[in-house]
Amino acid sequence: MLISACGADMSAPALQTGAEQTQAYLPLLQDKRVGLVVNQTSRVGQQHLVDLLLENQINVQRIFAPEHGFRGDHDAGAKVASGKDSKTGIELYSIYGKTRKPEAQALSDLDVIVFDIQDVGVRFYTYISSMHYMMEAAAEADIPFVVLDRPNPNGDYMDGPVLDLSFQSFVGMHPIPLVHGMTVGELAQMINAEGWLETDKPVQLEVIPVSGYRRDQVYSLPVKPSPNLPNYVSVRHYPSLGFFEPTVVSIGRGTDFPFQVIGHQHIALSEGEPFHFTPRSIPGAATHPKFEGIEIKGMDLRNKTATGLNLGYLVAWHQAFARQQVPFFTNEGFFDKLAGTDRLRKALAAGATEAQIRATWQQDLEAFARARAPYLLYP
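Residues numbered from 1 in each chain as written. Predicted model: local features only at pLDDT ≥ 70, side-chain atom pairs only at ≥ 80, totals over all residues. Heavy atoms only, no water.

Engineer: Teacher, can you tell me more about the pattern of salt bridges here?
Structural biologist: Side-chain pairs of opposite charge can arise where the charged atoms are in close proximity. Applying the stated criterion across every chain, the model contains 19 salt bridges. Across the pair D111 and R33 runs a salt bridge, and its minimum N-O distance is 3.1 Å. Of this pair, D111 sits in the loop between β6 (91-94) and β7 (112-116) while R33 is found in strand β1 (residues 33-38), placing the two residues 78 residues apart along the sequence. D111 gets classed as partly exposed once you look at its relative accessible area, which sits at 26%. For R33, a relative accessible area of 33% gives the class partly exposed. Among the ionic pairs, E136 bridges to K101, the shortest N-O distance being 3.0 Å. Residue E136 is located in helix α3 (residues 127-141), and its partner K101 is located in the loop between β6 and β7; the two are separated by 35 residues in the primary sequence. For E136, a relative accessible area of 4% corresponds to the buried category. Look at K101 and you get partly exposed, because its relative accessible area is 26%. (Salt bridge = Lys/Arg side-chain N within 4 Å of Asp/Glu carboxyl O. Helix = DSSP H or I, 4+ residues; strand = E, 2+ residues; numbered from the N terminus. Buried < 20%, exposed > 50% of the residue type's maximum accessible area, 1.4 Å probe, protein only.)

Engineer: Looking at this structure, I do not really get the sheet that holds strand β14 (residues 296-300). What am I missing?
Structural biologist: Note: strands within a sheet are paired through backbone hydrogen bonds, in either parallel or antiparallel orientation. Pairing within the open sheet is antiparallel, and its 3 strands lie in the order β12-β14-β13. At either end of the open sheet lies a strand with only one pairing partner, and these are β12 (261-264) and β13 (275-277). Taking each pair of neighbouring strands and ignoring which way they run, the sheet shows an average axis angle of 40°. Two strands pair when backbone bridges link them, and β12 and β14 are joined in this way by 4 bridges, in the antiparallel orientation. Paired with H264 across the two strands is K297, which belongs to β14. Packing of helix α6 (residues 312-323) onto the sheet brings it into contact with β12 and β14, and relative to β12 it is tilted by some 5°. (Pairing = 2+ DSSP bridges. Axes fitted to C-alpha atoms, helices over the stretch in contact; angles between N-to-C directions. Contact = heavy atoms within 4.5 Å.)

Engineer: Would you take a moment to explain the side chain of D119 for this structure?
Structural biologist: Structurally, D119 is set in the loop between β7 and α3. No salt bridge is formed by the buried D119; the nearest opposite charge belongs to R150, separated by 11 Å. Reaching out from D119, the side chain makes a polar contact with the backbone nitrogen of G121 at a distance of 3.0 Å. (Lys, Arg positive; Asp, Glu negative; His and termini not counted. Polar contact = N/O pair within 3.5 Å; in protein donor to acceptor, adjacent residues only side chain to side chain.)

Engineer: Please explain the pairing of strand β4 (residues 59-65) as it appears in this structure.
Structural biologist: Regular strands show a simple pattern: their side chains alternate between the two faces of the sheet. Within β4, 5 of the 7 residues are buried, leaving the element largely enclosed by the surrounding structure. Looking at chain direction, β1 and β4 are connected through 5 bridges and run parallel. Its bridge partner lying in β4, L36 is registered against I63. Where β4 meets β6, 4 bridges bridge the pair, whose relative direction is parallel. By the bridge assignment for β6, A65 is matched with S94.

So this is what it looks like as structure tokens:
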């Protein structure tokens, strides 16, 4: 199931994110003690949401920091420490590390929680898992949860396996496809109404939708959502190249073009001219990347914007290693968690073609398309 991206309609109204529509949510926050789930993408024009709220005399009591931290300067998987924001002095509470769901005490002095983070629409991108746990905590504390919605740069299609709950983890918490085609606001509505929160009652949810948005329009992110997704091309390739993380193959971490290349030291496929790159240590983005300091060869995808989930890369590279009887996976269990199933890995091992693999999830995709329909906010 694939819907091609197209350009924005020039006659359409100007796009406004939820955070830009201050008239819609500032009244909800007046005279309230506010907790924020935000990071470097939580911008209103050139201003951070935290600064805008403080200027409007909103009492920001606490900031909950997800993966990559409040400032977005932590490696993938690096623990985020609690503390205080150096600029504002506001308390920072880490929800990526030992604690992923805050303790009740962290919400006891709050009246409302606001979530405003730019997502990229891929199930294993952990911001939606952090949103899930914060929604659970808000429901248990009996306080409202407000989502300031933002566009999904991979929102024009759905594809990939639907998560089997026996493979549920922080990189896949919900029975949704790898690429679900929903905004965080739409997904919050589905999580709440479908009973996916482990609470006795749903959260008091308020979504401030994006104005003037169509899910098929091209949306280039104004701020990189994490250190290794620096541009639109990387965001579009991310669903396809994320599969390579628990393998011996590099997808460019430790370069200026992560998630835009694929390479290995000894085994390589090429696309066009021969391409070489040398990963290096980049603190805050890739401290010790695969093949650090070693020139490797492979595929350069920097001038090729993805139009959907390309399973062909994974199939071709897996087959290249299988032909030489060289191990491909470094962590089969983590690969299964990313895929949300072990069926993909087993199909690769059996030599299945891309078409054969895709056929295994079409029925689940169609069922999900029907299930998500009541929660969609955009055409």
